[in-house]
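Inside the fold
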Amino acid sequence: MLIRRMLPEDLDQAAELERLCFGKAAWSRQALADALQDPNALYLAGVEEMEGKEGANGESGRLNGYCGVWQSFDEGEIMNVAVRPDCRGRGFGKRLLKELLSQAKERGMDTFVLEVRKGNVPAISLYTSLGFQTVGVRKGFYEAPREDALIMKI
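Residues numbered from 1 in each chain as written. Predicted model: local features only at pLDDT ≥ 70, side-chain atom pairs only at ≥ 80, totals over all residues. Heavy atoms only, no water.

**Quick look at the layout of surface pockets**
- Space inside the largest pocket adds up to approximately 1100 Å³.
- Forming the boundary of the largest pocket are 36 residues, of which F22, V81, N120, A123 and Y127 lie nearest the centre.
- Counting residues per element, the ones that place at least two in the lining of the largest pocket are helix 1 (11-22), strand 4 (75-83), helix 3 (92-106), strand 5 (111-117), helix 4 (121-129) and strand 6 (133-142).
- With 7 residues, strand 4 is the single largest residue contributor to the lining of the largest pocket.
- Of the residues that constitute the lining of the largest pocket, the class distribution is 21 nonpolar, 5 polar and 10 charged. (1 Å grid on protein atoms, 1.4 Å probe; cavity = no way out; pocket = protein on both sides within 12 Å on 5 of 7 lines; lining within 4 Å. Points joined across faces, edges and corners; volume = space filled by probe spheres on them. Helix = DSSP H or I, 4+ residues; strand = E, 2+ residues; numbered from the N terminus. Nonpolar A, V, L, I, M, F, W, Y, C, P; charged D, E, K, R; others polar.)

Right, here's the structure in full:
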């Protein structure tokens, strides 16, 4: 899997992956496009390269996952982490996040925060493996279904 900056050509696949991973809470294609244009945001794509082919929408390969961070001074807020269901449990998410944290540190971010569904054990395990610790709870933060969010920080 090639990890690179997310490109406008990735937006159709990213929006579809959002819907697949987050359902009604998914960001729209326009919200993702706006994020790519924001100088305070950094989004990375994990792409399965296609041998000498370009996809129907001009993309260079299948988007297996992506993640993003928004910078506020020296803090980064992890906004989106999405990995295709058939790619989970293979280390893609961890590779994406490690690269995101590395590039974010190069931009001057030294602390990171995120919210995760309290019941999302695989994601919590991933974040914990990268050094994140639970520092709080947002009651009823998520909808469909309603669930608390853990606030994690590194």
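That was the structure; now back to the text.
**Topic: the packing of aromatic side chains**
- Per the counting criterion, the structure on display carries 2 aromatic pairs.
- Relative to F132, the ring of Y127 lies with its centre 6.0 Å away and its plane at 65°, an arrangement referred to as edge-to-face.
- Take Y127: its relative accessible area is 7%, and that puts it in the buried class.
- By relative accessible area, F132 is classed as buried at 3%. (Phe/Tyr/Trp six-rings, centres within 6.5 Å; stacked < 30°, edge-to-face > 60°. Buried < 20%, exposed > 50% of the residue type's maximum accessible area, 1.4 Å probe, protein only.)

**Looking at the environment of G91**
- Examined against the element boundaries, G91 turns out to sit in the loop between strand 4 and helix 3.
- We classify G91 as partly exposed; its relative accessible area is 32%.
- Between the C-alpha atom of G91 and that of L126, which follows or precedes it by 35 residues, the distance is 9.2 Å.

**Description of the pairing of strand 4**
- Relative to strand 4, strand 3 (residues 61-72) is paired through 8 bridges, and the arrangement is antiparallel. By the bridge assignment, C67 is partnered in strand 4 with V81.
- Counted along the chain from strand 3 to the antiparallel partner strand 4, the turn is 2 residues long, and its residue F73 has a positive phi close to 60°.
- Bridging between strand 4 and strand 5 involves 3 bridges; their strand directions are parallel. (Pairing = 2+ DSSP bridges.)

**A few points about helix 4**
- All of the buried residues along helix 4 are A123, I124, L126 and Y127. Summarising the axial view, the buried residues of helix 4 lie within an arc of 160°, below the 170-degree limit, and thus occupy one face. Among the exposed residues of helix 4, those oriented more than 90 degrees off its buried face are V121 and P122.
- G131 sits one or two residues past helix 4 and shows a positive phi near 105°. (Arc of directions from axis to C-beta.)

**So, the sheet that holds strand 7 (residues 147-153)**
- Pairing is mixed in the open sheet, where 7 strands are placed in the order 1-2-3-4-5-7-6. Of all strands in the sheet, those with a lone pairing partner are strand 1 (2-5) and strand 6, marking the two edges. Mean inter-strand twist for the sheet, computed between neighbouring axes without regard to direction, equals 25°. (Axes fitted to C-alpha atoms, helices over the stretch in contact; angles between N-to-C directions.)

**Brief notes about the side chain of R117**
- One can find R117 in strand 5.
- Setting aside residues up to four positions removed in sequence, R117 forms contacts with I124, Y142, E143, A144, P145, E147 and D148. (Contact = heavy atoms within 4.5 Å.)

**Points about the nonpolar core**
- Of all hydrophobic cores here, the largest spans 23 residues; its most connected members are I78, Y127 and F132.
- Elements that contribute at least two residues to this core include exactly strand 2 (41-49), strand 3, strand 4, helix 3, strand 5, helix 4 and strand 7.
- With 5 residues, the single largest contributor to this core is helix 3.
- Setting aside residues no more than four positions away along its own chain, F132 makes contact with I78, L101, F112, V113, L114, Y127, M152, K153 and I154.
- Counting residues in hydrophobic clusters, the runner-up holds 15 residues, among them M6, L32, A35 and A82. (Core = buried A, V, L, I, M, F, W, Y, C linked by side-chain atoms within 4.5 Å.)

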